[in-house]
Amino acid sequence: MTIQEAQEKIDNWINTTGVRYFSELTNMAILTEEVGEVARVMARQYGDQSAKESDKKRELADELADVMWVLLCIANQTGIDMTVALEKNFEKKNIRDATRHTSNPKLK
């Protein structure tokens, strides 16, 4: 599935099953909550924090997909084509960071 297809599928789901988009501000709060859930999984699976029994059933892939879902909802409701936005972001990084990481002695 392409990013554009994902945006379209989410929009279709929201407008049929979900009925409507939450407000942009509500979706921003939900995005923050979902990123926190990713952080929780990371801290317990890859970090030093011990997992509770309720944490053990959480999957990183599912939590990341939740983040992507809400992110694409925000893009849809603000009129942003994420394929175009990501392509522009690659261009920016390729110009700005062309030698930034390879010329840093700390990273060698």
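Residues numbered from 1 in each chain as written. Predicted model: local features only at pLDDT ≥ 70, side-chain atom pairs only at ≥ 80, totals over all residues. Heavy atoms only, no water.

K.L.:
How would you explain the overall build of the protein if you had to name every residue and give the values?
P.N.:
Counting its secondary structure elements, the protein contains 4 helices and 0 strands. If you list the helices and strands of the protein from N to C, you get α-α-α-α. For the protein, the C-alpha radius of gyration of 18 Å lies well beyond 13 Å, the compact-globule estimate for 108 residues. Projected onto its principal axes, the C-alpha coordinates of the protein cover approximately 55 × 40 × 25 Å. Counting every position in the protein, which comprises 108 residues, the buried fraction comes to 23%. Partitioning the intrachain contacts of the protein with sequence separation of at least 6 by distance along the chain shows that 64% fall at a separation of at least 24. Summing over all exposed atoms, the protein offers an accessible surface of approximately 8200 Å²; the carbon and sulfur share of this is 57%. (Helix = DSSP H or I, 4+ residues; strand = E, 2+ residues; numbered from the N terminus. Rg over C-alpha atoms; globule rule 2.2 N^0.38 Å. Buried < 20%, exposed > 50% of the residue type's maximum accessible area, 1.4 Å probe, protein only. Contact = heavy atoms within 4.5 Å. Areas by Shrake-Rupley, 256 points an atom, 1.4 Å probe, with all protein chains shown as cover.)

K.L.:
Tell me about the nonpolar core, and name the residues and values.
P.N.:
Ile30, Leu31, Val38, Val41, Leu60, Val67, Val70 and Ile74 together form the largest nonpolar core, which totals 8 residues. Residue assignment for this core shows that the elements contributing at least two residues are helix 2 (24–45) and helix 3 (60–77). Among all residues touching isoleucine 74, those that are not within four sequence positions of it are Asn27, Met28 and Leu31. (Core = buried A, V, L, I, M, F, W, Y, C linked by side-chain atoms within 4.5 Å.)

K.L.:
Outline helix 4 (residues 82–96), supporting the account with residue identities and numerical values.
P.N.:
If you check helix 4, its first and last C-alpha atoms are 20 Å apart, about what 15 residues at 1.5 Å a residue would give, namely 21 Å. A distance of 2.9 Å separates the backbone nitrogen of threonine 83 from a side-chain oxygen at the start of helix 4, and that oxygen is part of aspartate 81. (Expected span 1.5 Å × (residues − 1). Polar contact = N/O pair within 3.5 Å; in protein donor to acceptor, adjacent residues only side chain to side chain.)

K.L.:
Give a detailed account of the side chain of glutamine 7, specifying residues and quantitative values.
P.N.:
Looking at the element boundaries, glutamine 7 is found in helix 1 (residues 3–16). Exposure remark for glutamine 7: the relative accessible area of 8% places this residue in the buried category. From its side chain, glutamine 7 meets the backbone nitrogen of methionine 82 in a polar contact 2.8 Å long. If we skip the residues at most four places from it in the chain, glutamine 7 touches Leu72, Ala75, Asn76, Ile80, Asp81, Met82 and Thr83.

K.L.:
How would you summarise the environment of valine 41 if you had to cite specific residues and measurements?
P.N.:
With respect to the helices, strands and loops of the structure, valine 41 is situated in helix 2. Distance in space between the C-alpha atoms of valine 41 and alanine 61 is 10.0 Å, their sequence separation being 20 residues. When sequence neighbours within four positions are dropped, the list of residues in contact with valine 41 reads Tyr46, Arg58, Leu60 and Glu63.

K.L.:
Tell me what's going on with the side chain of glutamate 37, and back it up with residues and numbers.
P.N.:
The topology assignment puts glutamate 37 in helix 2. The residues contacting glutamate 37, other than those within four sequence positions of it, are Arg58 and Glu63.

K.L.:
Describe the packing of aromatic side chains, with residues and values.
P.N.:
Taken as a whole and assessed by the stated rule, the structure comprises 1 aromatic pair. On the numbers, 5.3 Å between centres and 80° between planes, the contact of tryptophan 13 with tryptophan 69 is edge-to-face. With a gap of 56 residues between them, tryptophan 13 in helix 1 and tryptophan 69 in helix 3 connect regions that are remote in the sequence. Of the residues examined, tryptophan 13 reaches a relative accessible area of 38% and is grouped as partly exposed. Owing to a relative accessible area of 33%, tryptophan 69 belongs among the partly exposed residues under this scheme. (Phe/Tyr/Trp six-rings, centres within 6.5 Å; stacked < 30°, edge-to-face > 60°.)

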